[in-house]
Structure formats: C-alpha cells, structure tokens
Amino acid sequence: MTSDNLSPTDTTQLGGVSPYLDRRVFTLRFTSTARGARLARRLVAVRLDEWGVPYGSAAHETVVLVAAELATNAVRHGHVPGRDFRLLLRVTDAPRPVARIEVSDTRAERVPLRPGRLPGPGPELADGGRGLLLVEALAERWGWCPRPGAPGKTVWAECALA
C-alpha cells in the first residue's frame, strides 16, 4: 500500500483547496439519551453560528428549536436500547438559503403521523406531544421516511434562513 501523505516532520504544504471547506454539512451519531439530545442541540447551534447564521437571529433560533424537537423525539419515541440516533444538518444557499435537519433512529414500528394530519393541541397533550406541532409550525416542510438500508426511520425538516 502506498500513500501520498508527507512525513509528519515535513514542512511542505499541500497545494490546492480542499473541496470540503465550502460544504456546510454536519452529521454525527449521538447516544439515545436526554444528554445526547442536548448535545445535538448545542452542536447544531454552534455549527450554524460558524456558518454565518448568528446566535440570536430568528433563523438560528428556529433551526435550533426544530433540531432539538427532532432529537428529543428520537430519544423519547425512537429509542432502542444500545442504539444511537444520527443527526444531519445541511445548509444550502441555492436557490435560497435553507437548513435541512434530519434525525434518524432505529425504531421502525413507531412512526409519526404525516404532515398536515397532526391533531391540534388539546388537554391530551398537556404533558407532551407538542414537538411535531412545533416542527410543523416552524418548518417550511417536514416529513419522514424509512431509513434506507437499515431499520428505523428518518424525520426531516427544512427551515428558511432568509
């Protein structure tokens, strides 16, 4: 096997620009716990700020809240012991600035209702169950699909940044 890597002591800089520097994609697996959901929310907030969606802006607050709700739902409703959930955040500029959040869990038998079919808030939701109502209200689009090639599902949402 050969490698193009330089010696660790070599001071020569590699030429060219990395094709990944301008990509705004973040993905990571988190433990399926409340702590994992909090960490996912915090890392989404940090990454958005690094990508030019500043803390305190309406777009930042919206995307972070949607990511937090999706991560929390993965922990509460998609938890399988010993399995993590995966979060993907992608920001695109064309044709307009949009953030897409995808949260995948490994529990296939518990799926959310489809967009537009969620029940309105009522007394039965006093202790919870408002997460997807918030997502539906804040996101431009949202939905879910089975995980390709693996058990479980992916719940996604898209939020405008401008």
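Whatever comes next refers back to the structure up there.
Everything in this summary refers to the structure shown in the same document. Since we're looking at a predicted model, the values are computed, not measured.

**Quick word on a positive patch on the surface**
So, step 1. On the surface, a cluster of positive charge is contributed by Arg35, Arg38, Arg41 and Arg42.
So, step 2. With respect to the helices and strands, arginine 41 occurs in helix 1 (residues 34–50).

**As for the environment of leucine 161**
So, step 1. Structurally, the position occupied by leucine 161 is in the segment after strand 5 (153–160).
So, step 2. Overall, leucine 161 belongs to the buried group, its relative accessible area being 18%.
So, step 3. Separated by 104 residues in sequence, leucine 161 and serine 57 have C-alpha atoms that sit 9.5 Å apart.
So, step 4. The residues touching leucine 161, leaving out its near neighbours within four places in the chain, are Val53, Ala59, Val63, Val91, Pro97, Val98 and Ala99.

**Topic: the side chain of lysine 153**
So, step 1. Mapped onto the secondary structure, lysine 153 falls in strand 5.
So, step 2. Here aspartate 105 takes part through its side chain, which lies 2.9 Å from a polar atom of the side chain of lysine 153.
So, step 3. Setting aside residues no more than four positions away along its own chain, lysine 153 makes contact with Gly78, Val103, Ser104, Asp105, Arg107, Arg110, Val111, Pro112, Trp144, Cys145, Pro146 and Arg147.

**Considering the packing of aromatic side chains**
So, step 1. The tally for this structure, following the rule as stated, stands at 1 aromatic pair.
So, step 2. Between arginine 114 and the ring centre of tryptophan 144, over which it is positioned, the NZ or CZ distance is 3.9 Å.

What counts as what
- Residues numbered from 1 in each chain as written.
- Predicted model: local features only at pLDDT ≥ 70, side-chain atom pairs only at ≥ 80, totals over all residues.
- Heavy atoms only, no water.
- Patch = residues over 30% accessible without salt bridge, like charges linked within 9 Å, V, L, I, M, F, W, Y side chains within 5 Å.
- Areas by Shrake-Rupley, 256 points an atom, 1.4 Å probe, with all protein chains shown as cover.
- Salt bridge = Lys/Arg side-chain N within 4 Å of Asp/Glu carboxyl O.
- Lys, Arg positive; Asp, Glu negative; His and termini not counted.
- Charge placed at Lys NZ, Arg CZ, Asp CG, Glu CD.
- Helix = DSSP H or I, 4+ residues; strand = E, 2+ residues; numbered from the N terminus.
- Buried < 20%, exposed > 50% of the residue type's maximum accessible area, 1.4 Å probe, protein only.
- Contact = heavy atoms within 4.5 Å.
- Polar contact = N/O pair within 3.5 Å; in protein donor to acceptor, adjacent residues only side chain to side chain.
- Phe/Tyr/Trp six-rings, centres within 6.5 Å; stacked < 30°, edge-to-face > 60°.
- Lys NZ or Arg CZ within 6 Å of the ring centre and 35° of its normal.

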